[in-house]
Amino acid sequence: MKSALSVTPTTPAGEEPAGEVLAIRGGRPLTGRVEVKGAKNLVTKAMVAALLGGTNSVLRDVPDISDVQVVRSLLEVHGVHVWDGEEEGTLHFDPSGAVSAHFEAIDAHAGASRIPILFCGPLLHLLGEALIPDLGGCRIGDRPINFHMDALRAFGAVVDKSYEGIRITAPDGLHGADIELPYPSVGATEQVLLTAVKAKGTTELRNAAIEPEIMDLIAVLQKMGAIISYEPNRVILIEGVDELRGYDHRAIFDRNEAASWACAALATDGDIFVGGAKQQEMLTFLNVFRKAGGWFDVHEDGIQFRRGGALKPVVVETDVHPGFMTDWQQPLIVALTQAEGVSTVHETVYENRLGFTQALVQMGADIVVHPHGIDAPDRRVPRRALEQAAVISGPTPLHGADVVVPDLRGGYSYVIAALAAEGESVVRNVGIIRRGYEKFLTKLETLGADFDVIG
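Remember, it's a predicted structure, so these values are computed and weren't measured experimentally.

Q: Explain the UniProt feature "binding site: UDP-N-acetyl-alpha-D-glucosamine" (unreviewed entry) in the protein chain to me, using residue names and the numbers behind them.
A: Per the UniProt record, the feature "binding site: UDP-N-acetyl-alpha-D-glucosamine" (unreviewed entry) sits at Arg-114, Asp-327 and Val-349. Tracing the chain through its elements places Asp-327 in helix H10 (residues 326-336). By relative accessible area, which is 10% here, Asp-327 ends up buried. When neighbours within four sequence positions are excluded, Asp-327 is seen to be in contact with Asn-41, Asn-256, Arg-353 and Arg-409. Looking at where Val-349 falls in the secondary structure, it is placed in the loop between strand E18 (341-347) and helix H11 (357-362).

Q: If you had to explain the pattern of salt bridges to someone new, which residues and values would you point to?
A: If you walk through the whole model with that rule in mind, you get 34 salt bridges. Residue Arg-33 is joined to Asp-301 by a salt bridge in which the shortest nitrogen-to-oxygen separation is 3.2 Å. Here Arg-33, found in strand E2 (residues 31-35), pairs with Asp-301, found in the loop between strand E15 (294-299) and strand E16 (302-307); they are 268 residues apart in sequence, far enough to count as distant. Asp-301 sits in the partly exposed class, given a relative accessible area of 41%. In this structure, Asp-67 and Arg-435 form a salt bridge, with 2.8 Å as the shortest nitrogen-oxygen distance. Here the residue Asp-67 occupies a position in helix H2 (residues 66-77), and Arg-435 occupies one in the loop between strand E22 (424-428) and helix H13 (440-446), the gap between them amounting to 368 residues. The exposure class of Asp-67 is buried, given its relative accessible area of 10%. One continuous salt-bridge network, built from bridges that share partners, spans Arg-25, Arg-28, Glu-424, Asp-450 and Asp-452.

Q: Give a detailed account of the sheet that holds E2, specifying residues and quantitative values.
A: If you walk across this open sheet you meet the four strands as E2-E14-E16-E15, and the pairing is mixed. The strands lining the two open edges of the sheet, one partner per strand, are E2 and E15. Neighbouring strand axes in the sheet, compared pairwise and without regard to direction, differ in orientation by 15° on average. Two strands pair when backbone bridges link them, and E2 and strand E14 (residues 271-275) are joined in this way by five bridges, in the parallel orientation. Residue pairing for E14: Arg-33 is matched across the bridge by Phe-273. Packing of helix H8 (residues 255-268) onto the sheet brings it into contact with E2, E14, E15 and E16, and relative to E16 it is tilted by some 25°.

Q: Can you explain the nonpolar core? Please cite residues and give values.
A: If you look at soluble globular proteins, the nonpolar side chains tend to sit buried side by side. Core analysis: the biggest nonpolar cluster contains 152 residues, and Phe-93, Ile-168, Leu-221, Trp-261, Phe-285, Phe-305 and Leu-360 have the highest contact counts within it. Considering each element in turn, this core owes the most residues, nine residues, to H8. Filtering out sequence-adjacent residues up to four positions away, Ile-168 remains in contact with Cys-120, Leu-124, Gly-128, Glu-129, Ala-130, Ile-132, Met-149, Leu-152, Ala-157, Val-158 and Val-159.

Q: Pulling in residues and values, what's your account of the packing of helix H5 (residues 146-154) against helix H6 (residues 186-196)?
A: Where H5 contacts H6, the two axes come as close as 9 Å, and the packing angle between them is 25°. Classified by the interaxial angle, the pair formed by H5 and H6 is roughly parallel. Between H5 and H6 the crossing geometry is right-handed. Where H5 abuts H6, its residues Phe-147, His-148, Ala-151 and Leu-152 lie against Gly-187, Ala-188, Gln-191, Val-192 and Thr-195. Taken together, the residues that form the contact of H5 with H6 break down as five nonpolar, four polar and no charged.

Calculation notes
- Residues numbered from 1 in each chain as written.
- Predicted model: local features only at pLDDT ≥ 70, side-chain atom pairs only at ≥ 80, totals over all residues.
- Heavy atoms only, no water.
- UniProt positions renumbered as here; feature names shortened; annotations may be inferred.
- Helix = DSSP H or I, 4+ residues; strand = E, 2+ residues; numbered from the N terminus.
- Buried < 20%, exposed > 50% of the residue type's maximum accessible area, 1.4 Å probe, protein only.
- Contact = heavy atoms within 4.5 Å.
- Salt bridge = Lys/Arg side-chain N within 4 Å of Asp/Glu carboxyl O.
- Pairing = 2+ DSSP bridges.
- Axes fitted to C-alpha atoms, helices over the stretch in contact; angles between N-to-C directions.
- Core = buried A, V, L, I, M, F, W, Y, C linked by side-chain atoms within 4.5 Å.
- Parallel < 35°, antiparallel > 145°, perpendicular 65-115°, else oblique.
- Left-handed = near helix turned anticlockwise from the far one by under 90°.
- Nonpolar A, V, L, I, M, F, W, Y, C, P; charged D, E, K, R; others polar.

Listed below in structure tokens is the structure:
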């Protein structure tokens, strides 16, 4: 970067620059090495799990992202003592002073995050009460909380709604339940796990999410003393126990961030080594990456990504694990604008996740969104009423534009599109990207991106 507001020289070494607006000059390949830490989608849930322990917990490889800060604040407002360990990326938790918090305090610390809903089970076990303000999150779909409320009611919780939010109590305690999710929701599966581990009796959860982050959360809970078994056909059995202890756990790597940097290499014709990335959790992504013309090399300490030649069109259907993650399609679409031919991305998880393509069209991309999806004889993922599809025709040269970040993954995609485009782009509201990408601007600088922080 070459600005008085950039990392050098006004930002101290190792410190991420602040700022909400970037001026990005594109046309330069991203090359170099970046490191990924623990997965946001595991770390934030493992932090909540620390509430269940009768002793202190330690979580390692915690990324310095705003979502982690939100959960840390929520734990602290509930009386949990949280402090940094000597090892970078390590957090310690002492839940012995846990107390109830008021709606206002929870709302003030949660902001737009939806994480307060996952506090319900642990707080019901600890205090007999949980409070939830209005929930936010990225604006990519309805993300209804009825899955969560139905699950909590099945455990014996009483749910009362008021103008402030939702008050949940368990006057008779929580008991095991027989639950079948209508859709393998990650959030609802986490809710059941965090609630069932100390509920009296056995819980059977059918149609559960089985993402690697879910399996890692199960590993955390098992370390704490929980009895959880994974059965065939998305069935999880949890035998409730009376007491749990703290844990010491190193989080699984963030496969979403790893895939994002892989797509950045593809879009900018760069060469990026993602330290900490592992093959097994990314098998589905790597197959699509290769089909699209990407080249990768798996090493013991990470994966190298670059183009293997001309980019090729692909057909992608997002799905729950082990399918192609919805979080992967947004940065991939940026790369597909440079593929030779017509690609189709079927989004089956969230109904509004293709809205970000409007800005890519503004930058010169040829993308048509079908708001009700597209029927195709070779579809593998069952159609859902909420699905959409994007048809991307390429290659189309991208040019600079003035765009506003709409959500976490869309925001990352805008930055990568600007770096792949000719000319200068202005990308606003980039603070959202810090929800899930540690030291994002510093990593861009390391990879040779040309940008200024201008606001």
